[in-house]
Amino acid sequence: PKDAFKYKIGMYKKYIKRLLDFSIVLMAMLIIWPVLLCITIWLHFANKGAGVFFTQDRPGKNEKIFKALKFKTMTDERDANGNLLPDAQRLTPVGKFVRSTSIDELPQLINILKGDMAFIGPRPLLVQYLPLYSEEQHRRHDVTPGMSGWAQVNGRNNISWTKKFEL
C-alpha cells in the first residue's frame with residue numbers, strides 16, 4: 001500500500017498537476033485577455049517605448065534556468081553618461097499601480113503554459129542567490145516554482161529570508 005500511495009503521488013505531481021495548471025491557465029487567458037491587452041497598451045505608452053515585457057533568468061525545477069516573464073514597469077531612461085537612472089526615477093505611475101496590484105506577475109501565466117512554472121510552488125528567486133542556499137534550502141528546486149506559494153500567503157515581503165525558506 002505504501003508503494004501504491006507513492007506511485008499515485010508521483011502520477012499526480014508528474015501529470016495531473018501539470019494538466020490542471022495548463023488547463024486553468026488556458027481558460028483564464030481566454031477570460032482575461034482583454035485586461036492583458038489593455039495593460040500592454042497602457043504600459044507601452046507609460047514606458048515611453050521601452051517595451052512592455054521584462055524577462056529575468058530564474059532557477060526552476062532541478063535548478064534549470066528559465067526566463068521568468070513580467071510586465072515591465074520602468075522606463076529605460078539614462079543619465080548623461082549612459083547609466084540607467086535609479087529605479088525610483090524610472091518607475092512610472094502606471095508601473096507603480098501595476099506592481100502594487102501584482103498585475104506585473106500575470107505574464108508568468110505564459111511560463112505556466114510552457115511548464116517552467118506552476119500556480120503553486122516556491123517563488124523562483126534570483127540566480128545569484130543559488131550559491132547562498134544551505135543544503136535544505138536547495139530542496140526548493142526539487143519542485144516546479146510557482147506564481148504563488150505558502151510564503152506569499154503568509155507575509156510575502158514582510159517576512160524574513162529564513163521564514164520564507166521555512167514556509
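Worth saying up front: this structure is predicted, and the values here are computed from it rather than measured.

*Asks:* If you had to explain helix α3 (residues 93–100) to someone new, which residues and values would you point to?
*Replies:* The periodicity of an α-helix, 3.6 residues per turn, causes residues three or four places apart in sequence to face the same way. Within α3 the residues assigned to the buried category are Val94, Gly95 and Val98. Looking straight down α3, one finds that the buried residues subtend no more than 95° of arc, so they occupy a single side. Structural note: α3 exposes Pro93, Lys96 and Ser100 on the side pointing more than 90 degrees away from its buried face. The positive-phi residue at the C-terminal boundary of α3 is Ser102, with phi of around 60°.

*Asks:* With reference to specific residues and values, describe unusual backbone geometry.
*Replies:* One non-glycine residue, Lys48, lies in positive phi territory at about 55°. Along the chain, Lys48 falls in the loop between α1 (2–46) and β1 (53–59). Residue class for Lys48 comes out exposed when judged on its relative accessible area of 60%. One non-glycine residue, Glu63, adopts positive backbone phi at about 60°. If you trace the backbone, Glu63 turns up in the loop between β1 and β2 (65–71). For Glu63, a relative accessible area of 31% puts it in the partly exposed group.

*Asks:* Break down the layout of surface pockets for me, with residues and values.
*Replies:* Estimated volume of the largest pocket: approximately 1,100 Å³. As for the largest pocket, its lining consists of 34 residues, of which Arg123, Leu125, Arg140, Ala151 and Gln152 are closest to the centre. Counting only elements with at least two residues in the lining of the largest pocket, the list comes to α3, β4 (146–148), α5 (150–153) and α6 (161–166). Here the lining of the largest pocket takes five residues from α6, the largest share from any one element. Of the residues that constitute the lining of the largest pocket, the class distribution is 13 nonpolar, nine polar and twelve charged.

What counts, and at which threshold
Residues numbered from 1 in each chain as written. Predicted model: local features only at pLDDT ≥ 70, side-chain atom pairs only at ≥ 80, totals over all residues. Heavy atoms only, no water. Buried < 20%, exposed > 50% of the residue type's maximum accessible area, 1.4 Å probe, protein only. Helix = DSSP H or I, 4+ residues; strand = E, 2+ residues; numbered from the N terminus. Arc of directions from axis to C-beta. 1 Å grid on protein atoms, 1.4 Å probe; cavity = no way out; pocket = protein on both sides within 12 Å on 5 of 7 lines; lining within 4 Å. Points joined across faces, edges and corners; volume = space filled by probe spheres on them. Nonpolar A, V, L, I, M, F, W, Y, C, P; charged D, E, K, R; others polar.

Keep in mind that these numbers describe shape and distance, not what the molecule does.
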